[in-house]
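# Overview (structure and organization)
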Amino acid sequence: SVLQVAGSLLGYPREGEGLARSWSVSLAGHEGYASSMHNLPILLDESNKVAERDRHNIGSLIFMLCNGSGKLRGSVQAGSTRVTTAWHAVASSTGEQSITAYDQNGGTKARCLPLPGAPLASAQQSEDLKADLEANHGHLGPRFVRHLVGLGPEGAAALQAEYRQRVQDIGAEMGSRAARRMAQYIATLDIAARIIHERLGVARPAVDVRRFVMELADGESKAADRPSAALRKLASFVFAQPGLMAT
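In this convention, every chain numbers its residues from 1, walking through the sequence in written order. Only residues with pLDDT of at least 70 get local features here, since the model is predicted, and only at 80 or more are side-chain atom pairs given and counted; chain-wide, interface and lining totals rely on the full set of residues. Computation of side-chain values: all heavy atoms of the structure, hydrogens and water removed.

Numbered from the N terminus, helices here are DSSP runs of H or I no shorter than four residues, and strands are runs of E no shorter than two. A tally of helices and strands in the protein chain yields ten helices and five strands. By the burial criterion, 30% of the 247 residues in the protein chain qualify as buried. At a minimum sequence separation of 6, the contacts of the protein chain that also span at least 24 residues come to 68%. When the accessible area of the protein chain is evaluated, it comes to approximately 15300 Å², of which 56% is carbon and sulfur surface. Burial classification: accessible surface area is computed with a 1.4 Å probe over protein chains only, and a residue below 20% of its type maximum counts as buried, one above 50% as exposed, and the rest as partly exposed. When checking whether two residues touch, look at their non-hydrogen atoms; a contact exists if any pair is within 4.5 Å. For the accessible areas, the method is Shrake-Rupley and the probe is 1.4 Å, while residue cover comes only from the protein chains on display.

This part is about the nonpolar core. Ranked by size, the top nonpolar core spans 20 residues in total, and within it Trp23, Ile42, Leu44, Ile58, Leu65 and Ile99 carry the most contacts. Counting only elements with at least two residues in this core, the list comes to helix H2 (27-37), strand S2 (42-45) and helix H3 (58-67). Per element, the largest residue contribution to this core is five residues, and it comes from H3. If near-sequence neighbours (up to four positions away) are discounted, Ile42 is found in contact with Tyr33, Ala34, Met37, Leu65, Trp87, Ala89, Val90, Ala91 and Ser92. For the purposes of this section, nonpolar cores are sets of buried Ala, Val, Leu, Ile, Met, Phe, Trp, Tyr and Cys residues that join through side-chain atoms within 4.5 Å. Within the second largest apolar cluster, nine residues are counted, among which are Met182, Ile186, Met214 and Ala217.

Tracing the chain through its elements places Pro13 in the loop between helix H1 (2-8) and strand S1 (21-22). Remark: the alpha-carbon pair of Pro13 and Ser1, spanning twelve residues in sequence, is separated by 9.3 Å. Each residue touching Pro13, except ones within four places of it in the same chain, is listed here: Gln4, Gly7, Ser8, Ala20, Leu133 and His137.

All right, on to H2 then. Among all positions in H2, only His30, Glu31, Tyr33, Ala34 and Met37 are buried. Along the axis of H2, the buried positions cluster into a sector of 165°, meaning they face one direction only. For H2, the elements touching its buried residues are S1, S2 and H3. Where H2 terminates, the next one or two residues include His38, which has phi positive at roughly 60°. Summarising the geometry, the arc corresponds to the directions from the helix axis toward the C-beta atoms.

Residue count minus one, scaled by 1.5 Å, sets the expected span of a helix. Over its 22 residues, helix H7 (residues 152-173) runs 31 Å from end to end, which matches the ideal 32 Å to within 8%, given 1.5 Å per residue. Within H7, the full set of buried residues consists of Leu159, Glu162, Ile170 and Gly171. Along the axis of H7, the buried residues cluster in a sector spanning 160°; they form a single face. H7 presents Pro153, Glu154, Arg164, Gln168 and Ala172 as exposed residues on the side facing more than 90 degrees away from its buried surface.

A word on the sheet that holds S2. Taken together, three strands build an open sheet; the order of strands is S1-S2-S5 and the sheet is parallel. Every interior strand has two partners, whereas the edge strands, S1 and strand S5 (91-93), have only one. By definition, two strands form a pair when at least two bridges between them are found by DSSP. The sheet contact formed by S1 and S2 spans two bridges and is parallel. Each residue of the ladder has a partner; that of Arg21, found in S2, is Leu44. Throughout, an axis means a line fitted to C-alpha atoms (over the contacting stretch in the case of helices), and angles, computed between N-to-C directions, take values from 0 to 180 degrees. Relative to S2, H2 is tilted by about 145°, and along the sheet it contacts S1 and S2.

Between Lys or Arg on one side and Asp or Glu on the other, a salt bridge is scored when a side-chain nitrogen of the former is within 4 Å of a carboxyl oxygen of the latter. Under the criterion given, the structure shown has ten salt bridges. One salt bridge in this structure joins Glu162 and Arg166, with 2.6 Å as the shortest N-O distance. Of this pair, Glu162 and Arg166 both sit in helix H7, separated by four residues, roughly a single helical turn. One salt bridge connects Glu198 with Arg204, and the closest N-O pair in it is separated by 3.5 Å. On the accessibility criterion, Glu198 (48% relative accessible area) is partly exposed. Given a relative accessible area of 53%, Arg204 falls into the exposed group. One connected set of salt bridges, linked through shared partners, spans Glu162, Arg166, Glu173, Asp190, Arg194, Glu198, Arg204, Arg210 and Arg211.

Right, dumping it as structure tokens:
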């Protein structure tokens, strides 16, 4: 349901028939999907559908999506390379556990903003939401794009300056190095929310979304910053066992 909400901003939200796609495809299939979407959101449903034998590829997929390009392919016989596919998009995923649980690489955790917990109160609420999205979708995304296009060169430059400042401010608020890397994602969400609420008339939620996301990102980044965690653990051991250390 949550992924359908994201897809409904731009088009038909149902998996397979609309913007959303299943996780249960090959790495090459995901690359083709991302390339076809280009700058549109990449929506992947139910990570638990990935076969056990293929789950080691999830980390590689996350890096590929974040890097915005597919594999470089070529032919030794022809002495040439194919055109590399590319995109510039945000990816959203759903599953029974965090997508970072499938890969323990710190770089993977630093590229993901997990939102744990059940997003809806009941199965009935989920069914009602799906019915509403089936009937009403594809409106807000085009309005958002028209707003950006209407800014003109000066407005676009001001928006870019606002983004850079927010990245700097959010990075300064967050503690770890990995968390500061996430500042660019949070700044993007923050500015998009400002435009949607102030310019497009969408009501603000009851919670402080920016603060909520920053706290989640800070917690995830601490788990991702393994060198710092290892150093803290070593220092704790050394100070607790001074007699074991030679000077």
